[in-house]
Amino acid sequence: MAALKYAGLEDTDSEEELPPGWEERTTKDGWVYYANHLEEKTQWEHPKSGKRKRVAGGLPYGWEQETDESGQVYFVDHINKRTTYLDPRLAFTVEDNPVKPTTRQKYDGNSTAMEILQGRDLSGKVAIITGANSGIGFETAKSLALHGAYVILACRNMSRGNDAVQRILTEWHKAKVEAMTLDLASLHSVQHFAEAFKSKNVPLHILICNAAIFGAPWCLTEDDLESTFQVNHLGHFYLVQLLEDVLRHSSPARVVVVSSESHRFTEIKDNNGKLDFSLLSPSKKEYWAMLAYNRSKLCNILFSNELNRRLAPHGVTSNAVHPGNMMYSSLHRSWWVYTLLFTLARPFTKSM
């Protein structure tokens, strides 16, 4: 009881009544979550009952969802001509009882980024995510921001980056998010981004190298390198080198490199077992989009492993991650054949 009193949970009679400082909210797709205004954190479970809930249907007839100037969602009742920040769907919630895994594996292919971070307070943490305006990068950025981190969306297209920032602020108007220009196809842009970030004089606890291109036709960057190799690997390699000192001073810190299982289906050595540099940035005659992608992902893993070996003693860890086979995102946009393939496979793949 002492613990309950300390947490402010003994003041209510019903287990469904929220303790002081808590507010019940919903996501756009109908999941209920709880905001603690005192600690400025969110969680999926009810703070007293521990239950998870979701709404049973859409908005009632005559209701419409809008967003105010500060980015907060509110609801308009056109029939009774009134507005409220309380979601009317909360009157029609049902309990959601996810089956907990019985194996030692805590997360599986159905886990979401929000579930991974559930209960974590990332206040005071600073994160950079490349390619964060869509797909995996956006979901990761949103989840980190909603759990209190200051998140920088490093994007090539600032219009899309700012749009992504606004979408996150719509979820939580107090989120600390910002978009900055980073074009991995330009080493000058990478250098400029690193200098701009360092000028903020903030730490860097999480660097997620997520941006990538797939199925792109052969072309050279302004640095005279094949674009898939530079965007997927070399640009990130250079970015980490430029920010390594900030990562060290911010320890414990981590680098996460988003790779792919497709790294297994290629080779970057010649017949004598030595590294063949011509395979990394091939000529137009030697280029095949799928192989170029696979090689860049192999480089990601080799880089991450070596980075971890060098920096782990200084409090900076590095991990390479495989996000899932045929993850449906905008990665396939470069060629209509891949778009068709991904569309056909979408019912059988993991969604965002």
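Just above sits the structure.
Residues numbered from 1 in each chain as written. Predicted model: local features only at pLDDT ≥ 70, side-chain atom pairs only at ≥ 80, totals over all residues. Heavy atoms only, no water.

A. Highlighting the packing of aromatic side chains. Applying the stated rule across the entire model yields 3 aromatic pairs. Geometrically, the ring pair formed by Y33 and W44 is edge-to-face, given 6.2 Å between the ring centres and 70 degrees between the ring planes. Of the two residues, Y33 sits in strand 2 (residues 32-36) while W44 sits in the loop between strand 3 (41-43) and strand 4 (52-55), which places them 11 residues apart along the sequence. With relative accessibility at 10%, the residue Y33 sits in the buried group. Where F237 meets F303, the ring centres are 5.1 Å apart and the plane angle is 55 degrees; that geometry is what we call tilted. Separated by 66 residues along the polypeptide, F237 in helix 6 (residues 227-249) and F303 in helix 8 (residues 289-311) bring together distant segments of the chain. Classification of F237 by relative accessible area gives partly exposed; the value is 34%. By relative accessible area, F303 is classed as buried at 8%. Of note, R167 hangs over the ring of F138, and the distance from its end group to the ring centre comes to 4.1 Å. (Phe/Tyr/Trp six-rings, centres within 6.5 Å; stacked < 30°, edge-to-face > 60°. Helix = DSSP H or I, 4+ residues; strand = E, 2+ residues; numbered from the N terminus. Buried < 20%, exposed > 50% of the residue type's maximum accessible area, 1.4 Å probe, protein only. Lys NZ or Arg CZ within 6 Å of the ring centre and 35° of its normal.)

B. Structural context of the pairing of strand 9 (residues 126-130). Counting buried positions along strand 9 gives 5 out of 5 residues, so the element sits mostly inside the fold. By the alternation rule, side chains of strand 9 split into V126, I128 and T130 and A127 and I129, which are all buried. One ladder, built from 5 bridges, connects strand 9 with strand 10 (residues 150-155); its direction is parallel. What sits directly across from V126, in strand 10, is Y150. Note: strand 9 against strand 12 (residues 206-209), 3 bridges, orientation parallel. For A127, the partnering residue across the bridge sits in strand 12 and is I206. (Pairing = 2+ DSSP bridges.)

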